[in-house]
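Residues per chain, in single letters:
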Amino acid sequence: MRALLVVVLVLGGLYGGYWFIGARAAEQGAERVFTELAARGYVAEREALSVVGFPSRFDVTVTAPRLSDPARGIGWQAPFVQVFSLSYKPWHLIAALPNEQKLTLPGQEITIGSTRMQGSVEVSPTPSLPLKRLDGVAEGVSLRSTAGWALAAASANIAVHAQEAHVQQVALRLLDLLPDQRLTALLSAQTALPERISRMDVLADVTLAGPVALSGSVLPGVEAVALREAHLIWGPMTLRASGTLRPDDLGQAEGKIDLRIEGWREGFLAAQALGLIPQQFAVAAENVLAGLAAQSGDAAVLELPLLMQNGRMMLGPVPLGAAPLLR
């Protein structure tokens, strides 16, 4: 019995020593993030940093963090941020963010509100710390800008899971998205679209030039985006999309996305109201799209490609402007 007690005490002492060493390493790691950011010319400040959770967890709390890039006019601050991990699995981190944060962008400051905002990151326990998966969830989200716009969503989810050959599977979902009231007022006056977008989903495989590693300072470039499915439900309009894009020599997207739009006329009217379609082309473009829809056998359904080539973007025969940047 005495021998068993001695063994328990020795193991408890060893584990306690491991926790305190791990807690010190977690504290130094968090301090190092602020030090390295400051060394690169960023503003990286906080009021306090602590580690608790003995014996089963490492709970890091950073009070009043403030990060910014003065050269670009970009910044973020919050009352606190907390990062948790189990002491026997420190490579799996869980973060909790406060109900209110502030994001600074050139010319405006955005207040981010939520009833819950959490995320988790899991890396492989190897020296480079390659990303295995990232998951985030936010509920009761609202964005309010000093520039005068606002939007909200009932919930938002993101998931990034590492696949083979530097492929990251990315999934996004937004439910009950409420765009800015000025936008919805403009659209409601000219379309039958309601003020809320019921659902937006995106599932894509993103091929990168290398692995995403927490030990690295630069994210690898995008080599290709395979859009497996995108889905939008907005009142009478439903959109589905799939296709593949790659960056051209200038980093702009090049490729084709196949679209299927049910209730396409409402989408066309919305694009016209937002100025996405030049007024001088509107009548001709609508006639062409109506002709294409008639060929499908259902005048309310439009199937056509979104083409991106030579830095330009075309929705079937309708020009939409410059193609987006991928790299």
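Since this is a predicted model, take the numbers as computed values, not measurements.

1. Section: the overall build of the protein
Here's step 1: When helices and strands are counted, the protein shows four helices and 20 strands.
Here's step 2: Projected onto its principal axes, the C-alpha positions of the protein cover 90 × 40 × 40 Å.
Here's step 3: Looking at the protein residue by residue over its 327 residues, the buried ones come to 33%.
Here's step 4: Counted over contacts in the protein with a minimum sequence separation of 6, partners at least 24 positions apart contribute 49%.

2. Observations regarding the nonpolar core
Here's step 1: With 41 residues, the main nonpolar core has W234, I257, L259, W264, L289, L306 and M308 as its most contacted residues.
Here's step 2: Ranked by residues supplied to this core, first place goes to strand 15 (residues 222-234) with six residues.
Here's step 3: Setting aside its immediate chain neighbours within four residues, L289 contacts W264, F268, L302, L304, P317 and V318.
Here's step 4: With ten residues, the next largest nonpolar core counts A23, L49, V51 and V60 among its residues.

3. Brief notes about the pairing of strand 10 (residues 116-123)
Here's step 1: Bridging between strand 7 (residues 89-96) and strand 10 involves five bridges; their strand directions are antiparallel. When the bridges of strand 10 are listed, H92 appears paired with E122.
Here's step 2: Judged from the eight bridges that link them, strand 10 and strand 11 (residues 131-145) form a sheet pairing that is antiparallel. Bridge pairing in strand 11 places V121 opposite L134.

4. With respect to the pattern of salt bridges
Here's step 1: All told, the structure shown has 16 salt bridges when counted by the stated rule.
Here's step 2: Between E122 and K132 there is a salt bridge whose closest N-O contact spans 3.7 Å. Taken together, the residues span a long stretch of sequence, with E122 in strand 10 and K132 in strand 11 at a distance of ten residues.
Here's step 3: For E122, a relative accessible area of 13% corresponds to the buried category.
Here's step 4: Its salt-bridge partner being R228, residue D205 comes within 3.8 Å of it at the nearest N-O pair. Of this pair, D205 sits in strand 14 (residues 197-208) while R228 sits in strand 15, placing them 23 residues apart in sequence.
Here's step 5: Residue R228 is classed as partly exposed on the basis of its relative accessible area, which comes to 45%.
Here's step 6: Because the salt bridges share partners, they merge into one network encompassing R173, R199 and D201.

5. Here we look at the packing of helix 3 (residues 264-273) against helix 4 (residues 279-295)
Here's step 1: Across the interface, helix 3 lies against helix 4 with an axial gap of 11 Å and an inter-helix angle of 165°. Taken together, the axes of helix 3 and helix 4 lie roughly antiparallel to each other. As helix 3 packs across helix 4, the resulting crossing turns out to be right-handed. Between helix 3 and helix 4, the residues in contact are W264, R265, F268 and Q272 and Q279, A282, A285, E286, L289, A290 and A293, respectively.
Here's step 2: Its residues assigned to classes, the contact of helix 3 with helix 4 comprises seven nonpolar, two polar and two charged.

6. Considering a nonpolar patch on the surface
Here's step 1: Taken together, the side chains of I158, L172 and V202 make up a nonpolar region of the molecular surface, amounting to roughly 200 Å² of accessible area.
Here's step 2: Judged by relative accessible area, V202 falls into the partly exposed class, the value being 31%.

7. Overview of the confidence of the model for the protein
Here's step 1: Of all residues in the protein, 93% have pLDDT values of 70 or greater, and the mean over the chain is 88.
Here's step 2: Ranking the elements of the protein by mean pLDDT puts helix 1 (residues 2-39) last with 66 and strand 9 (residues 108-113) first with 97.

8. Quick look at the pairing of strand 8 (residues 100-105)
Here's step 1: Direction of pairing for strand 5 (residues 74-77) relative to strand 8: antiparallel, over a ladder of three bridges. Note that in strand 8 the partner of G75 across the bridge is T104.
Here's step 2: As defined by bridge partners, strand 8 adjoins strand 9 across six bridges and the pair is classed as antiparallel. Paired with T104 across the strands is E109, a residue of strand 9.
Here's step 3: Linkage of strand 8 to strand 9, two consecutive antiparallel strands, is achieved through a turn of two residues, within which G107 is found at a positive phi near 85°.

Quick notes on the rules
Residues numbered from 1 in each chain as written. Predicted model: local features only at pLDDT ≥ 70, side-chain atom pairs only at ≥ 80, totals over all residues. Heavy atoms only, no water. Helix = DSSP H or I, 4+ residues; strand = E, 2+ residues; numbered from the N terminus. Buried < 20%, exposed > 50% of the residue type's maximum accessible area, 1.4 Å probe, protein only. Contact = heavy atoms within 4.5 Å. Core = buried A, V, L, I, M, F, W, Y, C linked by side-chain atoms within 4.5 Å. Pairing = 2+ DSSP bridges. Salt bridge = Lys/Arg side-chain N within 4 Å of Asp/Glu carboxyl O. Axes fitted to C-alpha atoms, helices over the stretch in contact; angles between N-to-C directions. Parallel < 35°, antiparallel > 145°, perpendicular 65-115°, else oblique. Left-handed = near helix turned anticlockwise from the far one by under 90°. Nonpolar A, V, L, I, M, F, W, Y, C, P; charged D, E, K, R; others polar. Patch = residues over 30% accessible without salt bridge, like charges linked within 9 Å, V, L, I, M, F, W, Y side chains within 5 Å. Areas by Shrake-Rupley, 256 points an atom, 1.4 Å probe, with all protein chains shown as cover. pLDDT = per-residue confidence, 0-100.

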